[in-house]
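One-letter residues, chain by chain:
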Amino acid sequence: MKTNAEIGDVLDRAAELLEVSDANPFRIRSYRRAADAVRDADPPISEQLREGGREALTGIPGIGDRLAGSIEEIADTGRLGLVDSLEAEISPESLLSKVPGIGPTLAARIHRELGVDSLEELEIAAHDGRLDTVEGLGDGRIRGIRDALAGRLTRSAGRRARGRVDGRTNDPEEDPPVALLLEVDERYRREAEAGNLHTIAPRRFNPEGKKWLPIMEVEKDGWSLTALFSNTARAHDLGTTRDWVVIYYEREGDGEDQCTVITAGSGPLEGRRIVVGREQECLEYYG
């Protein structure tokens, strides 16, 4: 069974692809609201399914029979047929061209030269310096892309972005302060380099089963945080597995969330460690 966070990510992906395909706005909103509802669900979705089956999910506000079936499918398999079919129909160029400042020609160039297939990958490329190498992208346009994509890498930042669109505000205390996240990032990389951390053998991209991935757990200021290097396909392709750090965090009474910390390759924070999706806060932090 998948976690609430993992189920929510798939539902958000469905909403993103539906938006690109110009689906009914109500349907798009229903998937986004379901993603938020799932992440906040207590007891966890997996527990509700075990005890009451699909029918138990229809008691969650905004989730009817159809969405309950989709959530059950994701919880059981980690996938959603709707997402698979939409990804087969929608080209990466079509997805990228939906971002303000990127037309079809530029989208094709970014996909061809950088191998960027998703908005999450585009956001990282906008911060790690790779977008600077693409012809037709000046500093102003790259800043615009960063602003348009702000927050898509982390669920909590994504909720803040949707909150701005909906005219809502969100409690900034829902997430750890940037100062704490950067402190954990710095400590993790230092301890990992010194060989002081327990290592695990990730299943992905590790055919030999080596214990190479350091993991660090921290309790501070009421937050429980776990840091580890990114073990994604893109991080391996770019050789950034020792640069990108994923931090999972939770606080008593709240669900688990996560963020990614990278070294900015361009812009006013070039060379600095930043929490992707929270660049303005990082600017303020560095003064």
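Summarised in this report is the structure supplied together with it. (Residues numbered from 1 in each chain as written. Predicted model: local features only at pLDDT ≥ 70, side-chain atom pairs only at ≥ 80, totals over all residues. Heavy atoms only, no water.)

Regarding helix α3 (residues 45-52)
Consideration 1: What α3 keeps buried is the set Ile-45, Ser-46, Gln-48 and Leu-49. Taken down its axis, α3 places every buried residue within 165 degrees of arc, on the same side. Of the residues in α3, the exposed ones pointing more than 90 degrees away from the buried face are Arg-50 and Glu-51.
Consideration 2: For α3, the elements touching its buried residues are α1 (4-20), α2 (25-40), α4 (54-57) and α5 (65-77).
Consideration 3: Positive phi appears at Gly-53, one or two residues downstream of α3, with a value of about 70 degrees. (Buried < 20%, exposed > 50% of the residue type's maximum accessible area, 1.4 Å probe, protein only. Helix = DSSP H or I, 4+ residues; strand = E, 2+ residues; numbered from the N terminus. Arc of directions from axis to C-beta. Contact = heavy atoms within 4.5 Å.)

Describing the side chain of Asp-175
Consideration 1: Assignment of secondary structure puts Asp-175 in the loop between α11 (155-166) and α12 (178-194).
Consideration 2: Within polar-contact distance, the side chain of Asp-175 engages the side chain of Tyr-249 at 3.2 Å. (Polar contact = N/O pair within 3.5 Å; in protein donor to acceptor, adjacent residues only side chain to side chain.)

With respect to the nonpolar core
Consideration 1: Counting 49 residues, the largest nonpolar core has Leu-11, Tyr-31, Ile-45, Ile-110, Leu-122, Leu-131 and Ile-145 as its most contacted members.
Consideration 2: Looking at this core, the element that brings in the most residues is α1, giving eight residues.
Consideration 3: Each residue touching Leu-122, except ones within four places of it in the same chain, is listed here: Leu-96, Val-99, Ile-102, Ile-110, Val-116, Leu-131, Ile-145 and Leu-149.
Consideration 4: Of all hydrophobic cores here, the second largest spans 31 residues; its members include Ile-124, Leu-181, Leu-197 and Val-245. (Core = buried A, V, L, I, M, F, W, Y, C linked by side-chain atoms within 4.5 Å.)

What about the packing of aromatic side chains?
A ring pair, where both rings are aromatic, is described by two values, the distance of the centres and the angle of the planes.
Consideration 1: All told, the structure shown has three aromatic pairs when counted by the stated rule.
Consideration 2: A centroid spacing of 4.8 Å and a plane angle of 65 degrees characterise the contact between Tyr-188 and Phe-229, whose relative ring orientation is edge-to-face. Placement of Tyr-188 in helix α12 and of Phe-229 in strand β3 (residues 223-229) is noted, with a sequence separation of 41 residues between them. Like Phe-229, Tyr-188 is buried.
Consideration 3: With a centroid separation of 5.0 Å and 75 degrees between ring planes, the pair formed by Tyr-285 and Tyr-286 is classed as edge-to-face.
Consideration 4: The class for Tyr-285 is partly exposed, based on a relative accessible area of 42%. (Phe/Tyr/Trp six-rings, centres within 6.5 Å; stacked < 30°, edge-to-face > 60°.)

Considerations on the pattern of salt bridges
Consideration 1: Counting across every chain of the model gives 15 salt bridges.
Consideration 2: The partner of Arg-13 in a salt bridge is Glu-87, and the shortest N-O contact between them spans 3.1 Å. On the criterion of sequence distance, the pair formed by Arg-13 in helix α1 and Glu-87 in helix α6 (residues 81-89) is long-range, its members being 74 residues apart.
Consideration 3: Judged by its relative accessible area of 36%, Glu-87 is partly exposed.
Consideration 4: Note that Arg-278 and Glu-281 form a salt bridge whose closest N and O atoms lie 2.8 Å from each other.
Consideration 5: Given the relative accessible area of 32%, Glu-281 is considered partly exposed. (Salt bridge = Lys/Arg side-chain N within 4 Å of Asp/Glu carboxyl O.)

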